[in-house]
Amino acid sequence: MITRLTSMRPPLHKALQELLENSHSHSHTALRLPRFRSASNSARPSLSPRLTPTIFAPATGRAKSAISILRVSGPDSVKVWYQMTRPPRQSKLGKVDKKDKGKGRESRLEEPKPRVATLRRIVHPTTGEVLDEGIVLYFPAESSLTAQPTLELHTHGSPALMSLLLSVLPSLSASFRIAEPGEFTRLAFEAGKMDLTEVEGIRDLVEADTEAQRKLAARQAGGHMKVAYDKMRTTIIEASSLLEALIDFGEDQGIDPAVYSQAKGKVTNLRTQIIKQLENGRRGEIIRSGVQVAIIGPPNAGKSSLFNWFAQREAAIVTSTPGTTRDVVELSLNFNGFPIIIADTAGLRVTGDEVEAIGVGRAREKARGADLKLFILPLDDPSALNDPSLLDSIDSDTLIVLNKSDSTTSANSSATVDFEDRLREKLDEKGVNWIGSRGNKGAEFLKLSVKNGDGLDGLTAEVTRLLRERYDLSDDMEDTPLITHARHRHHLEDCLRSLEAFLEMDEDLDLVDAAEELRYASLSLGRVTGVVDVEEILGEIFRGFCIGK
């Protein structure tokens, strides 16, 4: 099943790791609102030193819907219950008194029941006008993810109603203000309710377009990564404790010098684990941002027709004139639960046309950076194999597809066999290993006809098999979670360098320096989960959230 995605979030690239180097940062452009700054230079609205803000924002979209949710969190959130809600119409309790009407006073109403969905009328705080009837949920600070009293209004999904509610909330108290992007989640992080990897997991879960992305994000949001990194950091701390004991007490207190070997053994095992994690082919990062699939081959091989088949619409121009496609055309798709970014490219050939030559260069560049290549060859044109440089882009990530099996020439079985023999001979001469070559899984060559649909089911099955083989999460062990963000890789590489520096040291000469290297390694891992100071990167992470999250 192929589903076209209306949008695919842009990858964060290496912005988060660069922030730690005080480099220029990549700006997530989904929301243009003030970023968080340190407490000494806050971008938040100034309040009285005694006035803690009560923040509010829609937790659902602004479009028309069955239900809308307005979230309020802060010391004064309960004011919404007293000043803006009343019992439902069938109840005889809590009628608005005339003396209270229009004055914004709190009526003598029952207190909200914690963690109980309660049907209430939503009223205007100053006029007493009934605005809607909906569900109210109240969470005391000890039961709230933000560690502050939190209240939610579940109303009918009218954009006009939501706009009105947002406009009247500030009248309840001077402490009320609109939340910044991700501020609810940031409060949870600052309260210790979740670590930085869980925060990123929640953001990725909200933005997940495919089942693979959802599964990966859900694991991270559920603490899968936190548990693994905490365990790794504990190993470093244990090794550091052994070294510190040796430094502080040594032989005078009967500390066995063999404890250094114990520490070294722990670090050696951890080093192996981190190397395994770093050498996983960037599976997590690829799943999160999308698998890059490039359709390449000579002109008139049917590349654009195949691209349109994937897109299930006329996304690329198709003509019988060679060289019609002169640039890279990309489309984001949900391909059987996997996110792919598929690209149609210019036909590979030597050309004197300046514009087409630029397109060919871009096609080769796209092929070099692709995670999977579909190399299309036309069965009705054996002369395509005469170009000695044509097959240079084929490698172990390439699936060779023989198109136009419906043509008069290719319908002749002997002609098809001759074509395959020539192709196999040329690939053997170059020493090329491709998907389907001898010893590999799958068909050696996939034969199909985009024109009449023959063989396309086989192509779907093979591409799905390859995606599952490379990016399925079933073998993601708990002690080696997938790296999902560039900053995780950056900090793990820093940690690995410190661990290797420790292992190379002479215990008789560099004991204090060895302990220092372990301290650096522990700090690097701590920056992944946020247990050490990471203020510099918080703004970038939380700015990628929607306002009400």
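Refer to the preceding data block for the structure.
Thresholds applied
Residues numbered from 1 in each chain as written. Predicted model: local features only at pLDDT ≥ 70, side-chain atom pairs only at ≥ 80, totals over all residues. Heavy atoms only, no water. Helix = DSSP H or I, 4+ residues; strand = E, 2+ residues; numbered from the N terminus. Contact = heavy atoms within 4.5 Å. Areas by Shrake-Rupley, 256 points an atom, 1.4 Å probe, with all protein chains shown as cover. Axes fitted to C-alpha atoms, helices over the stretch in contact; angles between N-to-C directions. Parallel < 35°, antiparallel > 145°, perpendicular 65-115°, else oblique. Buried < 20%, exposed > 50% of the residue type's maximum accessible area, 1.4 Å probe, protein only. Arc of directions from axis to C-beta. Pairing = 2+ DSSP bridges. Polar contact = N/O pair within 3.5 Å; in protein donor to acceptor, adjacent residues only side chain to side chain. Salt bridge = Lys/Arg side-chain N within 4 Å of Asp/Glu carboxyl O. Core = buried A, V, L, I, M, F, W, Y, C linked by side-chain atoms within 4.5 Å. Phe/Tyr/Trp six-rings, centres within 6.5 Å; stacked < 30°, edge-to-face > 60°. Lys NZ or Arg CZ within 6 Å of the ring centre and 35° of its normal.

### Things to note about the overall build of the protein chain
Here comes step 1: If you tally the helices and strands in the protein chain, you get 17 helices and 14 strands.
Here comes step 2: Partitioning the contacts of the protein chain with sequence separation of at least 6, the portion at a separation of at least 24 is 71%.
Here comes step 3: Carbon together with sulfur atoms contributes 50% to the accessible area of the protein chain, which is approximately 25600 Å² in total.

### With respect to the packing of helix α10 (residues 303-311) against helix α14 (residues 456-471)
Here comes step 1: Look at α10 against α14: their axes get within 13 Å of each other, and the N-to-C directions meet at 70°. As far as their axial angle goes, α14 and α10 are roughly perpendicular. For the pair α10 and α14, contact is made by Leu306, Trp309 and Phe310 and by Leu456, Leu459 and Thr460, respectively.

### Digging into the environment of Lys64
Here comes step 1: The topology assignment puts Lys64 in the loop between β2 (54-58) and β3 (65-73).
Here comes step 2: Considering only alpha carbons, one finds Lys64 and Pro159, 95 residues apart in sequence, at a separation of 6.0 Å.
Here comes step 3: When near neighbours in sequence (up to four residues on either side) are disregarded, Lys64 contacts Gly157 and Pro159.

### Section: helix α6 (residues 211-221)
Here comes step 1: Among all positions in α6, only Ala212, Gln213, Leu216, Ala217 and Gln220 are buried. Projection of α6 onto a plane perpendicular to its axis shows the buried side chains occupying an angular sector of 120°, all on one side.
Here comes step 2: Turning to α6, the residues buried within the fold contact α5 (196-207), α7 (224-248), α9 (283-289), β11 (338-344) and α15 (486-503).
Here comes step 3: Directly after α6, the chain includes Gly223, whose backbone phi takes a positive value near 95°.

### Here we look at the sheet that holds strand β4 (residues 85-86)
Here comes step 1: If you trace the seven strands from one edge of the open sheet to the other, you get β4-β5-β6-β7-β3-β2-β8, paired in mixed fashion. Looking at which strands have only one partner, the edges of the open sheet turn out to be β4 and β8 (176-178).
Here comes step 2: Looking at chain direction, β3 and strand β7 (residues 150-157) are connected through eight bridges and run antiparallel. Within β7, the residue paired with Ser68 across the bridge is Thr155.

### A closer look at unusual backbone geometry
Here comes step 1: One non-glycine residue, Arg282, lies in positive phi territory at about 55°.
Here comes step 2: Its location among the elements puts Arg282 in the loop between α8 (259-278) and α9.
Here comes step 3: A positive phi angle, close to 60°, is found at Gln312, a residue other than glycine.
Here comes step 4: The topology assignment puts Gln312 in the loop between α10 and β10 (329-335).
Here comes step 5: Among the residues examined, Gln312 registers a relative accessible area of 55% and is labelled exposed.

### Focus: the side chain of Ser289
Here comes step 1: Within the secondary structure, Ser289 sits in helix α9.
Here comes step 2: Of note is the side chain of Ser289, whose polar atom sits 2.9 Å from the backbone oxygen of Glu285.

### What about the pairing of strand β13 (residues 398-403)?
Here comes step 1: Here β13 lies mainly inside the structure; six of its six residues are buried.
Here comes step 2: Burial along β13 is two-sided: the residues Thr398, Ile400 and Leu402 and Leu399, Val401 and Asn403 are all buried.
Here comes step 3: As paired elements, strand β12 (residues 372-378) and β13 share six bridges and run parallel to each other. The residue of β13 that forms the bridge with Phe375 is Ile400.
Here comes step 4: Across two bridges, the pairing between β13 and strand β14 (residues 446-447) is parallel. Looking across to β14, one finds that Leu402 is bridged to Lys447.

### Quick word on the pattern of salt bridges
Here comes step 1: Taken as a whole and assessed by the stated rule, the structure comprises 26 salt bridges.
Here comes step 2: Put simply, Arg497 and Asp494 hold a salt bridge, and the shortest N to O gap is 2.2 Å. Of this pair, Arg497 and Asp494 both sit in helix α15, three residues apart, which is roughly one turn of that helix.
Here comes step 3: Asp494 sits in the partly exposed class, given a relative accessible area of 21%.
Here comes step 4: Residue Arg519 is joined to Glu516 by a salt bridge in which the shortest nitrogen-to-oxygen separation is 2.8 Å. Pair noted here: Arg519 and Glu516 are both in helix α16 (residues 511-529), with a separation of three residues, about one helical turn.
Here comes step 5: Through salt bridges with shared partners, a single ionic network connects Glu420, Asp421, Arg424, Glu444 and Lys447.

### Digging into the nonpolar core
Here comes step 1: Among the nonpolar cores identified, the biggest contains 36 residues, and Leu306, Phe310, Ile342, Leu374 and Leu459 are the most heavily contacted of them.
Here comes step 2: A per-element tally of this core places α14 first, with six residues.
Here comes step 3: Setting aside chain neighbours within four positions, we find Ile342 in contact with Val293, Ile295, Phe307, Phe310, Val329, Glu330, Leu331 and Leu333.
Here comes step 4: Counting residues in each nonpolar core, the second largest holds 30 residues, with Ala239, Ala263, Val267 and Leu499 among its members.

### Let's talk about the packing of aromatic side chains
Here comes step 1: In this structure the tally under the stated criterion is five aromatic pairs.
Here comes step 2: Pairing Trp309 with Phe310 gives two aromatic rings, centres 5.0 Å apart and planes at 75°, and the pair type is edge-to-face.
Here comes step 3: Given a relative accessible area of 24%, Trp309 falls into the partly exposed group.
Here comes step 4: Residues Trp434 and Phe445 carry aromatic rings whose centres are separated by 5.8 Å and whose planes lie at 5° to one another, so their mutual orientation is stacked. Placement of Trp434 in the loop between α13 (413-430) and β14 and of Phe445 in the loop between α13 and β14 is noted, with a sequence separation of 11 residues between them. Here the two residues Trp434 and Phe445 agree in accessibility, since each one is buried.
Here comes step 5: Pairwise contacts between aromatic rings join Trp309, Phe310 and Phe335 into one cluster.
Here comes step 6: A cation over an aromatic ring shows up here: Arg71 above the ring of Phe184, its NZ or CZ 5.7 Å from the ring centre.
Here comes step 7: Across from the ring centre of Trp81, 4.0 Å away, lies the NZ or CZ of Arg120, which sits over that ring.

Shape descriptors only; they carry no functional weight alone.
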